[in-house]
Amino acid sequence: MFRARRCFGVVSQSSPLLWSPRHTTTTTTTTRRWEGTQRTSGLPEFVEQWTPRVFRSVGWGLAATSGALFGCGLYEQSLVLGVATASYWRVGVLDLESKQTLRRNFPVLIHVRYLLESIRPEIQQYFVQRDDESVPFSRAARSVVYQRAKDVRDTVSLGTRRDVYAEGHEWANHSLWNVLPSREDVETRVLIGGYSASLLNISAMSFGALSEPAIQALNDGAKKGEFYHNTGEGGISKHHLRGADVVWNVGTAYFACGVNDGGGGEGSRRRQRVFSPAMFEENASLPEVKMIEIKLSQGAKPAHGGILPASKITPAIAEARNLVDLTTDVISPATHTAFSSPAGLVNFVDLLRRRSAGKPVGVKLCVGDPVDLAALIVAMVDQPDKAPDFLTIDGSEGGTGAAPPEFQDSIGMPLAEGLSLTRSFLDGAGLRNDVKIIASGKIYDGFSLCRSLALGADLCNSARGMMFALGCIQALKCNTNKCPTGITTQDPRLHSGLDVPSKADRVANFHRNTLHSTTEIMAAIGARTPRDVRPEHFFRRENGIHVKSYADMHADYFAGVPPGSLLDLLHNPSSFSGEKNNNVVPRRIRAWWLDGIALYERTKHQDQLTLAD
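Residues numbered from 1 in each chain as written. Predicted model: local features only at pLDDT ≥ 70, side-chain atom pairs only at ≥ 80, totals over all residues. Heavy atoms only, no water.

Novice: What am I meant to see in the pattern of salt bridges here?
Specialist: Counted according to the given criterion, the structure contains 17 salt bridges. K224 is the salt-bridge partner of D505, the closest N and O atoms lying 2.3 Å from each other. One end of the pair, D505, is in helix 18 (residues 500-524); the other, K224, is in helix 8 (residues 212-225), and 281 residues separate them in sequence. Across the salt bridge formed by E233 and K295, the nearest N and O atoms sit 2.6 Å from each other. Pair noted here: E233 is in the loop between strand 7 (229-230) and strand 8 (246-250) and K295 is in strand 12 (residues 289-295), with a separation of 62 residues, a long-range link. The network of salt bridges with shared partners includes E170, R451 and R540. (Salt bridge = Lys/Arg side-chain N within 4 Å of Asp/Glu carboxyl O. Helix = DSSP H or I, 4+ residues; strand = E, 2+ residues; numbered from the N terminus.)

Printed below as a string of structure tokens:
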């Protein structure tokens, strides 16, 4: 003890790093006035005082302290401090040689900031965020999914946690006097072409974006719950063929139904792919494939393509996507090469329907320019025998593994507006009974599903809801290949921890319990079928005083129109010049429809489908 005290006494006297007067400065709080308010400026003072010179002084002080400990015979302590000092100097020297300003100005100390930044999402999620704060899904929303997936109690006590007078609060009005159907009488299946689909299904998520065991668990869960599993645009893998009904998503790269076209120049590592009818027919004939979905765009990054780097192509992914060359980057362009116009799309729908022996064929899109959607509906009216069996409307709030922030945040219509506009066009064109609407975009419970039905959907898909059922904790690492739950990673070390049988049970439980909640809500509002759920049932508070129903909320831009009212406008545009007819079809809907007619006529002969059929 005597030697230690003497030793530390020597250190404190000889060390210049912290206590030397030349390194001690008296500072005052830096303040500024802004609009009459006194505020303290950004960084703490000790950070602002840290300089490369202070870094060196601290380093020499640590080295001197280590030497003093060694001289006092405290060898273990000297060794530990010596290693720490060497690491300190190594990190600091690298910082000083770096091209990053913060590292050069604040060597070593800046890494504390980097550490805090790296754990900020976890701190926010576990300690800071409120239960009702959505980023992108609130803790309360995820808890509902977790509880239903685990098949445990999901009830709450002592009343709602929500401020029912806050702006944005939504509710459904129940029926007081109507004869309510029992929950067992509510229809939970919807006929699309010749296929009977569940009200809730698994949305498009590709093998490659999701791991092998994640795809297996989803497929097994869909088989148990008797609902379909959408493959996503990554092709049909063996993990999709475990017995569940499958909707095959055909994207712009035509995975599992396309070949490289050899473009890009000699020696190019980026090749576009072209559609192969024969290859499509082979895979479409699989008994598990019940429907085909042509992907035009997705809500998280509409009108944006992508590249599958060769470095990420594993043999299993290559097999699922029918890739022969594992050394070549594969382009998923923003648009299709098989067609480029509304008329070309309906012809492509017809080709796929014939090549798949009449299986239902639909189109997935995030609604963008209303004129483009109107032109597609006009093409369906002009060639009704080639019209798709369904339209999947993906809201811009939809998720993805990776997308540019501008596209993810600010491009495309949200689901509510996209559904409303699609419903209006189909109603006005007289196609509403022939073409089903599938909704996808933050659907995770009975209320969000019923709300989508009210806005025009016939059934719904869920992606992130199903991921939460698998055990996703919203770590927000989908684009890093480091998903801690093994769902969105191809790292065997991580996805080997995902137990397929138990996760399949959770997927089936989530589906069953969510449908139970949905049918209870439908029964409460007096609806026997999905079409009975109307916008008038749902209300939203705009502020503490004003309230609007969903029917009124979209009246300015996306108002409903009488069935068939747009057909007269299609055949005789001049007949809608009178004030009476202007009141039947709202001005904006009428303008979009007329522009859509013009676009369709202008591009009608643009695509000459040359694919052998």
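The rest of the description comes next.
Novice: Whenever I open this one, the nonpolar core confuses me. Can you help?
Specialist: Looking at soluble globular proteins, one finds that nonpolar side chains tend to be buried together. If you look at the biggest cluster of nonpolar residues, it comprises 123 residues, and the most contacted ones within it are W248, I377, F425 and W593. A total of 10 residues in this core trace back to one element, the largest contributor, which is helix 12 (residues 370-382). Leaving out residues up to four positions away in the same chain, I377 has contacts with L391, F425, L426, A429, L431 and W593. The next biggest cluster of nonpolar side chains, apart from the first, holds eight residues, and it includes V47, W50, V58 and I110. (Core = buried A, V, L, I, M, F, W, Y, C linked by side-chain atoms within 4.5 Å. Buried < 20%, exposed > 50% of the residue type's maximum accessible area, 1.4 Å probe, protein only. Contact = heavy atoms within 4.5 Å.)

Novice: When you look at helix 7 (residues 139-150) in this model, what are you seeing that I'm missing?
Specialist: Helical periodicity: at 3.6 residues per turn, an α-helix aligns residues three or four positions apart in one direction. The end-to-end C-alpha distance of helix 7 is 16 Å, a good match for the 16 Å that 12 residues give at a rise of 1.5 Å each. Buried residues of helix 7: A141, R142, S143, V145, Y146, R148 and A149, and no others. The secondary structure elements touched by the buried residues of helix 7 are helix 6 (110-128), helix 15 (446-454), helix 16 (464-470) and helix 18. (Expected span 1.5 Å × (residues − 1).)

Novice: Mind showing me how you'd approach the pairing of strand 16 (residues 390-394) here?
Specialist: Two faces, one strand: in a regular strand the side chains alternate between the faces of the sheet. With five of five residues buried, strand 16 is to be regarded as a mostly interior element. Residues F390, T392 and D394 of strand 16 are buried on one face, and the alternating residues L391 and I393, pointing to the opposite face, are buried as well. Across four bridges, the pairing between strand 15 (residues 361-365) and strand 16 is parallel. Note on strand 16: the bridge partner recorded for V363 is L391. Between strand 15 and its parallel partner strand 16, the chain crosses via helix 12, and the hand of that crossover is right-handed. (Pairing = 2+ DSSP bridges. Right-handed = clockwise from strand over helix to strand, strands pointing away.)

Novice: For this particular structure, what's the right way to read empty space enclosed by the protein?
Specialist: Taking a probe equal in size to a water molecule and rolling it over the atoms shows the remaining empty space. Overall, the coordinates contain one cavity of 30 Å³ or more when judged by the stated rule. Taken as a whole, the largest cavity encloses approximately 30 Å³ of empty space. Taken together, Q125, Q129, R130, E133, F137, S138, R139 and R142 form the lining of the largest cavity. A class-by-class count of the residues in the lining of the largest cavity yields one nonpolar, three polar and four charged. (1 Å grid on protein atoms, 1.4 Å probe; cavity = no way out; pocket = protein on both sides within 12 Å on 5 of 7 lines; lining within 4 Å. Points joined across faces, edges and corners; volume = space filled by probe spheres on them. Nonpolar A, V, L, I, M, F, W, Y, C, P; charged D, E, K, R; others polar.)

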